[in-house]
Amino acid sequence: MNKNKDFYVRLSLLADLILIAVLILTGTNWFLSIVVVETAMWLVRCYWLSRVLLLFIGKRLLHMIPIVLSVVAIGFFLIQLAPGDIFTQMTLNPNLKPETVDRYRAAFGLDKEWYVQFFRYIWNALHLDFGFSINYRTPVFQMVSQRAGNTLTLAISTIILAWGLSIPAGIYSATHQYKLGDQVITVLAFIGLALPSFFAAFLLIFLVSSTGSWLPIGGMWSVDVAQMNVFQKAIDLLRHMAIPVFVLASRNMASLTRIMRANMLEIMSQQYITTARAKGLAEKTVVYKHALRNAINPMITIFGYQFGYILGGSALVEAVTAWPGLGSLMLQGIMSQDLYLVVGSLVYGVALLVIGNLIADILLGIVDPRVRIS
């Protein structure tokens, strides 16, 4: 049975490569292709590895359905509160008759009540029709999928940088309380919390441009990217990501460092830590083996909200740094009242938030023996 299980798991790894290659060849963003295929294939592997975990994930995905439906309904309702719609500006054009504009409005269903539009959207979505962007004259699913890949690239890089630096900084700050290192980290954290992300992006762009433009200050690729090889493209992407990732990560690091410091200080004052020290255990063993494991639990819970937080916070940063992501697309959709573009972006944002929470729940079950998925 175990040999069969190992065989199927290895066979699924081969299927990963084939599916990723097929999606990339059909024009899907490479990063989004990897994320989608790996997510789907690990769900398949759970059937052989842990059916309890598969059942847990299935239940959470079912819970996701009413959340997404609620967000879409709220999106339809809120956008109706704003006066006019995307066709209102067309009425100012003297060459267009009001009857023509009304016909356009009826063709997109915008002459109906918001709840009629909502149920019509859900029905069409069940048939894989997620609407049409009037501004960009292209299907919303295609446009949002391309932009979502760019935003995921930004979000995952930001999370890796923020978490990779804030946890060691929080531990160092807690174990050196009120010393110079702790004071420096605290000051930097407060600066990070006080500085709005978009303003920090403006400052960095000004700094880079006034000191010789040693980093790209906007966009995702250079103009000559078509002539680059794979290695040069990777370097070019990293250089363009430097400013937006640093800006988004610095704000996350500021809050995460303070939370990690507070968690560590609370755990370090517990009786069992005093007992461990009294037994003569080395300080590193006390900190990293006994204190860290309990102090990191609240951080994992926060991890679930990071995707949604970064998506919301990245909109202005993407606009300032000209990053072609989902946040800037949603901002443009709201400004122009492009209903289906806004709703499509909302669906992706909510899906990221729910999936982030699902990953956090799984990680919490792995890290904390008191929490078991059953």
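Criteria and thresholds
- Residues numbered from 1 in each chain as written.
- Predicted model: local features only at pLDDT ≥ 70, side-chain atom pairs only at ≥ 80, totals over all residues.
- Heavy atoms only, no water.
- UniProt positions renumbered as here; feature names shortened; annotations may be inferred.
- Domains from an automatic or database assignment.
- Phe/Tyr/Trp six-rings, centres within 6.5 Å; stacked < 30°, edge-to-face > 60°.
- Helix = DSSP H or I, 4+ residues; strand = E, 2+ residues; numbered from the N terminus.
- Buried < 20%, exposed > 50% of the residue type's maximum accessible area, 1.4 Å probe, protein only.
- Contact = heavy atoms within 4.5 Å.
- Salt bridge = Lys/Arg side-chain N within 4 Å of Asp/Glu carboxyl O.
- Core = buried A, V, L, I, M, F, W, Y, C linked by side-chain atoms within 4.5 Å.
- 1 Å grid on protein atoms, 1.4 Å probe; cavity = no way out; pocket = protein on both sides within 12 Å on 5 of 7 lines; lining within 4 Å.
- Points joined across faces, edges and corners; volume = space filled by probe spheres on them.
- Nonpolar A, V, L, I, M, F, W, Y, C, P; charged D, E, K, R; others polar.

- Naming follows an unreviewed UniProt entry, where the protein appears as Peptide/nickel transport system permease protein of Spirochaeta isovalerica.
- What the UniProt record of the protein gives under Subcellular location (unreviewed entry) is the line "Cell membrane".

Looking at the domain arrangement of the protein
Here's step 1: The assigned domain composition of the protein is domain 1 (1–48) and domain 2 (141–372).
Here's step 2: The centre of domain 1, based on its C-alpha atoms, is set 27 Å off from the matching centre of domain 2.

Details of the packing of aromatic side chains
Here's step 1: Counted according to the given criterion, the structure contains 5 aromatic pairs.
Here's step 2: For the ring pair Phe77 and Trp114, a centre distance of 5.4 Å and an interplane angle of 65° mean the geometry is edge-to-face. Of the two residues, Phe77 sits in helix H3 (residues 51–81) while Trp114 sits in helix H5 (residues 114–126), which places them 37 residues apart along the sequence.
Here's step 3: For Phe77, a relative accessible area of 37% corresponds to the partly exposed category.
Here's step 4: What makes Trp114 partly exposed here is its relative accessible area of 27%.

Things to note about the side chain of Thr138
Here's step 1: Looking at the element boundaries, Thr138 is found in strand E2 (residues 138–139).
Here's step 2: Sequence-distant contacts of Thr138, defined by excluding residues within four places in its chain, comprise Phe132, Ser133 and Met143.

As for the pattern of salt bridges
Here's step 1: Taken as a whole and judged by the stated rule, the model has 2 salt bridges.
Here's step 2: Residue Asp182 is joined to Arg261 by a salt bridge in which the shortest nitrogen-to-oxygen separation is 2.9 Å. You can see Asp182 sitting in helix H7 (residues 180–194) and its partner Arg261 sitting in helix H9 (residues 230–268), a full 79 residues away along the chain.
Here's step 3: Residue Asp182 is classed as buried on the basis of its relative accessible area of 1%.
Here's step 4: Arg261 gets classed as buried once you look at its relative accessible area, which sits at 11%.

Some points on the nonpolar core
Here's step 1: Core analysis: the biggest nonpolar cluster contains 27 residues, and Val72, Phe76 and Leu339 have the highest contact counts within it.
Here's step 2: If you tally residues by element for this core, the top one is helix H14 (residues 339–367), at 8 residues.
Here's step 3: Residues contacting Phe76, with those up to four places away along its chain left out, are Trp114, Gln117, Phe118, Tyr121, Leu339, Tyr340 and Val343.
Here's step 4: Membership of the second largest hydrophobic core comes to 25 residues, among which are Met260, Ala291, Ala295 and Met299.

Re the UniProt feature "transmembrane region" (unreviewed entry) in the protein
Here's step 1: Those residues carrying the UniProt feature "transmembrane region" (unreviewed entry) are residues 7–24, 30–49, 61–82, 152–172, 184–217, 307–326 and 346–367 in this numbering.
Here's step 2: Its end C-alpha atoms 33 Å apart, residues 61–82 is made of 95% helix and 0% strand.
Here's step 3: Strand forms 0% of residues 184–217 and helix 74%; the C-alpha atoms that close the span are 29 Å apart.

Quick notes on the layout of surface pockets
Here's step 1: The space that makes up the second largest pocket amounts to roughly 400 Å³.
Here's step 2: Along its surface, the second largest pocket is lined by 19 residues, and Leu188, Ala189, Gly192, Ser250 and Met253 are the ones closest to its centre.
Here's step 3: Counting only elements with at least two residues in the lining of the second largest pocket, the list comes to helix H6 (140–175), H7, helix H8 (197–210) and H9.
Here's step 4: Among the elements that make up the lining of the second largest pocket, the one with the highest residue count is H9 (7 residues).
Here's step 5: Within the lining of the second largest pocket, the residues separate by chemical class into 14 nonpolar, 4 polar and 1 charged.

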